[in-house]
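# Understanding the architecture of this molecule
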Amino acid sequence: MSQYTQQPQLPQAPVPVTPARNGLGTAALILGIIGALSGLIPLFFWLAGILGLIGLILGLSAKGRVKRGEATNKGVAVAGIVLGLVSLVLSVVGAVITFKAVDEAVDEINKVTSGSSATKKPAGGDKPLEKAKDGEDATGKALAAGDSAAYDDDLTITVSEPAAWTPGEYAIGHTKGHKAYKVTVVIENAGKEKFEAALVTAEARAGKEGVKAEAIYDGKVGEPFTGTILPGKKVTAVWAFDAPADAENLTVEVSPGFEYNASVWDLKL
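Since we're looking at a predicted model, the values are computed, not measured.

### A short note on the sheet that holds strand β8 (residues 211-213)
With antiparallel pairing, the four strands of this open sheet are ordered in space as β8-β7-β12-β13. Strand pairing shows two members of the sheet lacking a second neighbour, β8 and β13 (263-268), which therefore form its edges. Put simply, the sheet's adjacent strands are angled 30 degrees from each other on average, direction ignored. As paired elements, strand β7 (residues 201-206) and β8 share three bridges and run antiparallel to each other. Within β8, the residue paired with R205 across the bridge is K212.

Written out as structure tokens, the structure is:
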């Protein structure tokens, strides 16, 4: 019998396994994907920037956990970092494009609201006088018959003296008891760019009270300008307006388009 008694061996307790902390990498990947998609949508550049920055920070933290052995999703963390950077780049690009578009829109609005001012060319003269607002001359008076309004782009509008007009039987815009007057409007394009004549509009007022003078259409007068005026060319139209029988003047206002100020002629009847 052995003098040493063998002690029974007790089973060893299993070493507890710490679960992998992969949450940061997964969150970084999700935020990176959403951020990248947001960067592709106009006006969502700000969201792409926020999500991209958060995703980048979480991805770097997740990669640190992988190095310390606390996480196992290295590929997911790297993907989150890459998508975070992509989101930030798209955010910057989107911001530049948006701000540039807004700046251009503001310039267009300012151009439309400010309009192109006209100078006055007196009847029979070629030299424009001092630039005046809305077709008025330097004394603040409206243009006279035969005067021309010359705009910055070398577009010139001339309105003739009014002449009595007898509307046809089926004329539109003429009131019984009123008188009708026709004027000839000439538009000349002396600039370098073509001009869309379809945007030209006109309205008139008559008498001391300035009542609206309706435009008359009867197949011979009242046809609007149409088509394109090429550089060096001109077009002519005859318009007629209805005025009270006792009216002594006819005020005609012609606007070449949205980007121009209207010009005004005060015509004696």
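Picking up after the structure, the text goes on.
### With respect to the pairing of strand β2 (residues 148-151)
What you see with β2 is no split at all: S148 and A150 on one side and A149 and Y151 on the other are buried throughout. Across three bridges, β2 lies against strand β3 (residues 155-159) in antiparallel orientation. Paired with S148 across the two strands is T158, which belongs to β3. Between β2 and β3, which pair antiparallel in sequence order, lie three residues; one of them, D154, sits at a positive phi of approximately 70 degrees.

### Re the confidence of the model for the protein chain
As a note on interpretation, predicted positions should not be read in detail where pLDDT is low. Across the protein chain, the average pLDDT comes to 82, with 82% of residues at 70 or higher. Across residues 124-139 the pLDDT falls below 50, and counting only partners more than four positions away or on other chains, this stretch makes 30 contacts in the model.

### A few points about the side chain of N249
Tracing the sequence through the fold places N249 in strand β12 (residues 249-255). Of the polar contacts made by the side chain of N249, one reaches the side chain of D266; its length is 3.2 Å. For N249, the residues in contact, after removing those within four places along its chain, are R205, A206, G207, K208, D266, L267, K268 and L269.

### Describing the packing of helix α1 (residues 23-39) against helix α2 (residues 45-67)
Relative orientation and spacing of two packed helices are given, respectively, by the angle between their axes and the distance between those axes. α2 packs onto α1 with a crossing angle of 155 degrees between their chain directions and a minimal axis gap of 8 Å. Between α1 and α2, the interaxial angle falls into the category roughly antiparallel. For the element pair α1 and α2, the recorded crossing hand is left-handed. Facing L24, G25, A27, A28, L31, I34, G35, S38 and G39 of α1, the residues of α2 in contact are L47, A48, L51, I54, G55, L58, G59, S61, A62 and R65. Among the residues making up the contact of α1 with α2, the classes are represented as eleven nonpolar, seven polar and one charged.

### Thoughts on the environment of G75
In this fold, G75 is placed in helix α3 (residues 74-114). Accessibility expressed as a relative area gives 53% for G75, which makes it exposed. For the pair G75 and G25, spaced 50 residues apart in the sequence, the C-alpha separation amounts to 8.6 Å.

### Quick word on the pattern of salt bridges
Tallied over the entire structure, the rule returns four salt bridges. With its nearest N and O atoms 3.9 Å apart, the salt bridge here joins R205 to E203. In this structure R205 comes out as partly exposed when scored by relative accessible area, which is 28%. Salt bridges linked by common partners bring R21, R68 and E70 together as one network.

### Points about a nonpolar patch on the surface
Taken together, I33, L37, L40, I41, L43, F44, W46, I50 and I54 make up a surface patch of nonpolar side chains, about 890 Å² in accessible area. In terms of residue count, α2 provides more of the nonpolar patch than any other element does, three residues in total. For I54, a relative accessible area of 38% corresponds to the partly exposed category.

The rules we used
Residues numbered from 1 in each chain as written. Predicted model: local features only at pLDDT ≥ 70, side-chain atom pairs only at ≥ 80, totals over all residues. Heavy atoms only, no water. Pairing = 2+ DSSP bridges. Helix = DSSP H or I, 4+ residues; strand = E, 2+ residues; numbered from the N terminus. Axes fitted to C-alpha atoms, helices over the stretch in contact; angles between N-to-C directions. Buried < 20%, exposed > 50% of the residue type's maximum accessible area, 1.4 Å probe, protein only. pLDDT = per-residue confidence, 0-100. Contact = heavy atoms within 4.5 Å. Polar contact = N/O pair within 3.5 Å; in protein donor to acceptor, adjacent residues only side chain to side chain. Parallel < 35°, antiparallel > 145°, perpendicular 65-115°, else oblique. Left-handed = near helix turned anticlockwise from the far one by under 90°. Nonpolar A, V, L, I, M, F, W, Y, C, P; charged D, E, K, R; others polar. Salt bridge = Lys/Arg side-chain N within 4 Å of Asp/Glu carboxyl O. Patch = residues over 30% accessible without salt bridge, like charges linked within 9 Å, V, L, I, M, F, W, Y side chains within 5 Å. Areas by Shrake-Rupley, 256 points an atom, 1.4 Å probe, with all protein chains shown as cover.

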